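Next come the chains, spelled out residue by residue.
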Amino acid sequence: MSMPPPTDEQTLELYKPTDEESERSRNIICTHPLVRQLRADSTFTESRPHLKIPKVIRERNLTAGTLLVQTKSLFHRFSGREGGKSIVSVFYLGSDLSGHQGIVHGGMLATLLDEGLARWLLPTLPNGVAVTANLNVDYRKPVPADQYVVLRARTTKVEGRKAWVEGHIESLPKNGEEAVVMVEAKLSY
């Protein structure tokens, strides 16, 4: 008999940092004003969705396994329904994700957008499966490695098995600065 996947709340308790760097990154994310603001907003739900994937599958999953472990990338996800559907994910992008030295590879950014937006859509689709039909990415600014970023997305339309989503990756603001949009995407599934 298989166990049901953990709840969103349980996924937060399942994550255990494996080293000082991971612990430091987790603390930075968890104490950031944006994360505290999202936690205080009852329309958002916090989770670590990759921990809902069974371990044997997660180990062979690109974004929930390989990239998370190899790059020490960390993320928190907040899902909400504010007059529609939206998502906010906070990530740490390590230096092992670089294409050019110190710059996150554009293919990695496209992968984060594709996976992040698809995972958000799954519950809204009739069979719970999303396969990318079209992905348009506009790179606005280089994304430096070893930094924290925010992925924001919203569903723009759902028709039966088809869905359309818009999203972007922006900097995680420091000291009252404004977020800077670095990559934008439109996807259809």
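Residues numbered from 1 in each chain as written. Predicted model: local features only at pLDDT ≥ 70, side-chain atom pairs only at ≥ 80, totals over all residues. Heavy atoms only, no water.

Novice: How should helix α2 (residues 20–31) be read in this particular structure?
Specialist: Count 3.6 residues to each turn of an α-helix, and residues three or four apart come out pointing the same way. For α2, which comprises twelve residues, the first-to-last C-alpha distance of 16 Å matches the rise-based estimate of 16 Å (1.5 Å per residue) to within 8%. Buried within α2 are the following residues: S22, S25, I29 and C30. Taken down its axis, α2 places every buried residue within 125° of arc, on the same side. One side-chain oxygen of the residue at the start of α2 lies 3.2 Å from the amide nitrogen of E21, identifying that residue as D19. (Helix = DSSP H or I, 4+ residues; strand = E, 2+ residues; numbered from the N terminus. Expected span 1.5 Å × (residues − 1). Buried < 20%, exposed > 50% of the residue type's maximum accessible area, 1.4 Å probe, protein only. Arc of directions from axis to C-beta. Polar contact = N/O pair within 3.5 Å; in protein donor to acceptor, adjacent residues only side chain to side chain.)

Novice: Sorry if this is basic, but what is going on with the environment of L172 here?
Specialist: Tracing the backbone through its elements, the reader meets L172 in the loop between β6 (162–171) and β7 (181–188). When the C-alpha atoms of L172 and P33 are compared, they prove to be 9.9 Å apart, with 139 residues separating the residues in sequence. Residue contacts for L172: discarding those within four places in its chain leaves H32, L34, V90, Y148, V149 and V150. (Contact = heavy atoms within 4.5 Å.)

Novice: Explanation requested: the side chain of E170 in the structure shown.
Specialist: Looking at the secondary structure, you find E170 in strand β6. Within the local environment of E170, its side chain forms a polar contact with the side chain of R152, the two groups lying 2.8 Å apart. Side chain to side chain, E170 and H168 meet in a polar contact 2.8 Å long. If sequence neighbours within four positions are ignored, E170 has contacts with V149, V150, R152, A179, V180, V181 and M182.

Novice: Help me understand the nonpolar core in this model?
Specialist: It is characteristic of soluble globular proteins that their nonpolar side chains tend to be buried jointly. Core analysis: the largest hydrophobic core is formed by 23 residues, its most contacted members being L93, V104, L117, V143, L151 and I169. Within the residue set of this core, elements represented by two or more residues are β3 (86–93), α6 (106–121), β5 (147–159), β6 and β7. The element that contributes the greatest number of residues to this core is α6, accounting for six residues. When near neighbours in sequence (up to four residues on either side) are disregarded, I169 contacts L109, L112, L113, V149, V150, L151, V180, V181, M182 and V183. Counting residues in each nonpolar core, the second largest holds eleven residues, with I29, L38, V88 and V90 among its members. (Core = buried A, V, L, I, M, F, W, Y, C linked by side-chain atoms within 4.5 Å.)

Novice: Where do I start with the packing of aromatic side chains in this structure?
Specialist: Given two aromatic rings, one states the distance between the centres and the angle between the planes to describe the pair. Scanning the entire structure with this criterion turns up one aromatic pair. Plain terms: the ring middles of Y92 and Y148 are 5.1 Å apart, the flat faces sit at 50° to each other, and that makes the pair tilted. Within this pair, whereas Y92 is found in strand β3, its partner Y148 is found in strand β5, the two being separated by 56 residues in sequence. One exposure class covers both Y92 and Y148, and it is buried. For the cation-ring pair, K157 lies above W164, with the distance from its terminal atom to the ring centre recorded as 4.6 Å. (Phe/Tyr/Trp six-rings, centres within 6.5 Å; stacked < 30°, edge-to-face > 60°. Lys NZ or Arg CZ within 6 Å of the ring centre and 35° of its normal.)

Novice: Could you clarify how one ought to interpret the pairing of β6 in this entry?
Specialist: Working note: regular strand, side chains alternate between the two faces of the sheet. In terms of burial, β6 is largely enclosed, as seven of its ten residues are buried. Sheet analysis places β5 next to β6, joined by ten bridges and oriented antiparallel. Across the sheet, the residue bridging to E159 is K162, located in β6. Between the end of β5 and the start of β6, which pair antiparallel, lie two residues, with G160 showing a positive phi angle near 60°. (Pairing = 2+ DSSP bridges.)

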